[in-house]
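# Summary of the model geometry
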Amino acid sequence: MRFSRYFLPTMKDTPSEAQIVSHRYMLRAGMVRQASAGIYSWLPMGLKVLRNIEQIVREEQNAAGCNEVLMPTIQSADLWRQSGRYDDYGKEMLRITDRHDRDMLFGPTNEELITDIFRREVKSYKDLPLNLYHIQWKFRDEVRPRFGVMRGREFLMKDGYSFDVDKEAAELAYKRVFVSYLRTFRRMGLTAIPMQADTGPIGGDLSHEFLIQADTGESEVFFDSDIVERDVFSADLSKPEAANEAFDYLTSAYARTDETHEQSLYEAQVPEERRRQRRGIEVGHIFYFGTKYSEPLNGLVMNEQGQEVPVHMGSYGIGVSRLVGGIIEASHDERGIIWPEEVAPFHIGLINLKTGDDACDQACEGLYSKLSAGGVETLYDDRKERAGAKFADMDLIGLPWQVVIGPRGLEKDEIEVKNRATGEKEVMSMGAVLNRFLGA
């Protein structure tokens, strides 16, 4: 993509309403613009990152044996009345009346609707286990939406739902998702810490939230460094014993600081040299809630003994749009964003230091064409701007690599390659640049 043709409205100054790093940089880097309180339009660069994160989530869900569906944003209030949550959920739920005076709502979550789909189609234990998920926009009418996409009212979320014939099978499904979530976050360049959590309005008696480490996180956590350093993610989750072992290990030693007895337990269990204290941002939450929804909504199956029983369910959420902000909070410096390679909107930022110079234009055009043909996503800064402005914009938007071509360097066949994360620079020939990024 040529910068001159790309809708990327960067900003030099920080908007006054932006209180945290991710909000400031998402506005300055032209990723989003506020439409109303807690609701944002996603501009091209922000949307590319959002889609990259969404795709990683999708690939890991599919690899874990889940089936993708797509449910509507608008739901019938009748289902929520059946479950008992329509009045209990509170003012966060946006309630709507259609032209026929039917009560509707903009879904904040989908337990009721997915149970309705299940009960209409599945009747026997032979069709279980089943795990369905979708990636869809949600709306929760927060009293004080703030911090940009970190706490907005409209957000993109992956929510999945497992269905099993009994508690033992349901808890195994929960453990498999638990480990798959840690794999998902690791692919995004993140280390997630799993924490036991309250179930809230979702319900149930087993729940974990996943926090990524960031200095600006809203929660302070203590954890065993061995949990995040040891590789247990290669376990074959199709085998129950492997899933159980990985889950038991990963939940063996951590604590919140909001309970004195939990911190004391942590200190008793974890050797001092492995104790770590960090702040974290919640980006995922999972629940096992048994028959909380299947009983009132008649989500029944015939078990192996010929008895009709309510299925045991779990639900599993990942804040896809929240992760965009969370990754920035975890990976940035004073100049801007530092994108991990798997979620970056482009792999390379190609900077022409003297647009209009024949030699520079020819070298940049040739390199840009070859990189693009080789499948390397490149943002080519072909603007007639000062070199300083180009460098500042590239640092701000945080692409993993910057390739800089100027007239003086070209005379000696020298091109500068900069790693955005480390700041390290290397001077190499055009052939070496092509070999580095294309392997040819």
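Every chain's residues receive numbers from 1 upward, in the order its sequence appears when written. In keeping with the predicted nature of the model, local features appear solely for residues at pLDDT of at least 70, side-chain atom pairs appear and are counted solely at 80 or more, and the whole-chain, interface and lining totals rest on all residues. Water and hydrogen atoms were dropped before computing side-chain values, which therefore reflect all heavy atoms in the structure.

A run of H or I in DSSP becomes a helix once it reaches four residues, and a run of E becomes a strand once it reaches two; helices and strands are each numbered from the N terminus. Helix and strand counts for the protein come out as 13 helices and 23 strands. Oriented by its inertia axes, the alpha-carbon framework of the protein measures out at about 80 × 60 × 45 Å. Buried residues are those whose accessible area, probed at 1.4 Å on protein chains only, stays under 20% of the maximum for their type, while exposed residues exceed 50% and partly exposed ones sit between those limits. Counting across all 440 residues of the protein, residues that qualify as buried make up 53%. Taking the intrachain contacts of the protein between residues at least 6 apart in sequence as the baseline, contacts between residues at least 24 apart amount to 70%. The charge count includes Lys and Arg as positive and Asp and Glu as negative, but it does not include His or the ends of the chains. Charged groups are reduced to one reference atom each: NZ for lysine, CZ for arginine, CG for aspartic acid, CD for glutamic acid. In the protein, 55 positive and 71 negative side-chain charges are present, and the distance between their average locations comes to 5 Å. Should any heavy atoms of two residues lie within 4.5 Å, those residues are counted as being in contact.

Pairs of strands are assigned from DSSP output, requiring at least two bridges between the strands. The strand order across the open sheet built from 3 strands is β4-β6-β5, with neighbouring strands paired in antiparallel fashion. The open sheet terminates on both sides in strands that have one partner only, identified here as β4 (74-76) and β5 (94-97). For this sheet, the mean inter-axis angle between neighbouring strands, taken without regard to orientation, is 35 degrees. Taken together, the 3 bridges between β4 and strand β6 (residues 103-106) define a ladder with antiparallel strand orientation. Within β6, the position partnered with S76 by the bridge is M104. Interaxial angles span 0 to 180 degrees and are taken between N-to-C directions of axes, which are lines fitted to C-alpha atoms, for helices over the stretch in contact.

Here we take up the packing of helix α1 (residues 21-28) against helix α9 (residues 320-330). Between α1 and α9, whose axes approach to 8 Å, the crossing angle comes to 105 degrees. One way to sum up the angle between α1 and α9 is to call them roughly perpendicular. Residues V21, S22, Y25 and M26 of α1 pack against V324, G325, I328 and E329 of α9. Taken together, the residues of the contact of α1 with α9 sort by class into 5 nonpolar, 2 polar and 1 charged. Comment on the angle field: the value is read as roughly parallel under 35 degrees, roughly antiparallel over 145, roughly perpendicular from 65 to 115, and oblique elsewhere. Residues are grouped as follows: nonpolar covers Ala, Val, Leu, Ile, Met, Phe, Trp, Tyr, Cys and Pro; charged covers Asp, Glu, Lys and Arg; every other residue, Gly included, is treated as polar.

The residues that make up patches have over 30% relative accessible area and no salt bridge, and they are joined within 9 Å when like-charged or within 5 Å when they are Val, Leu, Ile, Met, Phe, Trp or Tyr. All accessible areas in this document rest on Shrake-Rupley with a 1.4 Å probe, and a residue is counted as covered only by the protein chains that are shown. Within this document, salt bridges are pairs made up of a side-chain nitrogen of Lys or Arg and a carboxyl oxygen of Asp or Glu, the two lying within 4 Å of each other. A grouping of D236, E241, E245 and D248 is seen on the molecular surface, where their side chains present a negatively charged patch. The residue D236 is located in the loop between α6 (225-229) and α7 (240-250) in this model.

In this analysis, rings of Phe, Tyr and Trp, with Trp reduced to its six-membered ring, are considered paired at centre separations within 6.5 Å, and the interplanar angle assigns stacked below 30 degrees, edge-to-face beyond 60, and tilted for intermediate values. Applying the stated criterion to the full structure yields 14 aromatic pairs. Ring plane angle 55 degrees and centroid distance 5.3 Å describe the contact between Y181 and F210, whose orientation is recorded as tilted. Pair noted here: Y181 is in helix α5 (residues 167-187) and F210 is in strand β10 (residues 206-213), with a separation of 29 residues, a long-range link. There is no split in this pair, since Y181 and F210 are both buried. For the ring pair F185 and F210, a centre distance of 6.1 Å and an interplane angle of 45 degrees mean the geometry is tilted. Separated by 25 residues along the polypeptide, F185 in helix α5 and F210 in strand β10 bring together distant segments of the chain. The exposure class of F210 is buried, given its relative accessible area of 0%. An aromatic cluster is defined as three or more aromatic residues linked by ring pairs; in this entry it consists of Y174, F178, Y181, F185, F210, F247 and Y316. For a ring to carry a charge above it, either NZ of a lysine or CZ of an arginine must fall within 6 Å of the ring centroid while also lying within 35 degrees of the normal to the ring plane. One cation-aromatic arrangement involves K48 over F346; the distance from NZ or CZ to the ring centre is 4.9 Å. Here the guanidinium or amino end of K292 rests over the ring plane of Y293, the centre of that ring lying 5.5 Å away.

Turning our eyes to something else, we now look at the environment of A243. Within the element layout of this structure, A243 appears in helix α7. Along the chain, A243 and R176 lie 67 residues apart, while their C-alpha atoms are 5.7 Å from each other. Beyond its immediate chain neighbours, meaning those up to four positions away, A243 contacts L172, K175, R176 and L237.

In this section: the sheet that holds strand β21 (residues 401-405). Taken in spatial order, the 5 strands make up an open sheet running β20-β19-β21-β22-β23, and their pairing is mixed. At either end of the open sheet lies a strand with only one pairing partner, and these are β20 (378-381) and β23 (425-428). Within this sheet the neighbouring strands show an average axis-to-axis angle of 20 degrees, counted without direction. Sheet contacts for helix α10 (residues 358-373): β19 (348-352), β20 and β21; angle to β19, the most-contacted strand, approximately 165 degrees.

Take the buried residues of types Ala, Val, Leu, Ile, Met, Phe, Trp, Tyr and Cys, join any two whose side-chain atoms come within 4.5 Å, and each joined set is a nonpolar core. Ranked by internal contacts, the top residues of the largest apolar core, which has 71 residues, are M31, I53, F185, M188, V324, W339 and L379. Considering every element that reaches this core, the biggest residue donor is α5, with 10 residues. Ignoring sequence-local partners within four residues, the contact set of M31 consists of M26, S41, W42, L43, M45, G46, V49, V324, I328, I337 and W339. Core analysis: the second largest hydrophobic core is formed by 25 residues, M71, I114, L297 and M313 among them.

On to the pairing of strand β7 (residues 130-139), then. Regular strands place side chains that alternate from one sheet face to the opposite one. The buried count for β7 comes to 9 of 10 residues, which makes it a mostly enclosed element. Pairing analysis gives 2 bridges linking strand β3 (residues 67-68) to β7, with the strands arranged parallel. Note on β7: the bridge partner recorded for N67 is L132. The pairing of β7 with strand β8 (residues 154-164) spans 10 bridges and is classified as antiparallel. Its bridge partner lying in β8, H134 is registered against D159.

On to α7. Listed in full, the buried residues belonging to α7 are A242, A243, A246, F247, Y249 and L250. Buried residues along α7 cover an arc of 165 degrees about the axis, so they all sit on one side. Along α7, the residues that are exposed and aim more than 90 degrees away from the buried face are E241 and E245. Working note: the arc is built from the helix axis to C-beta atom directions.

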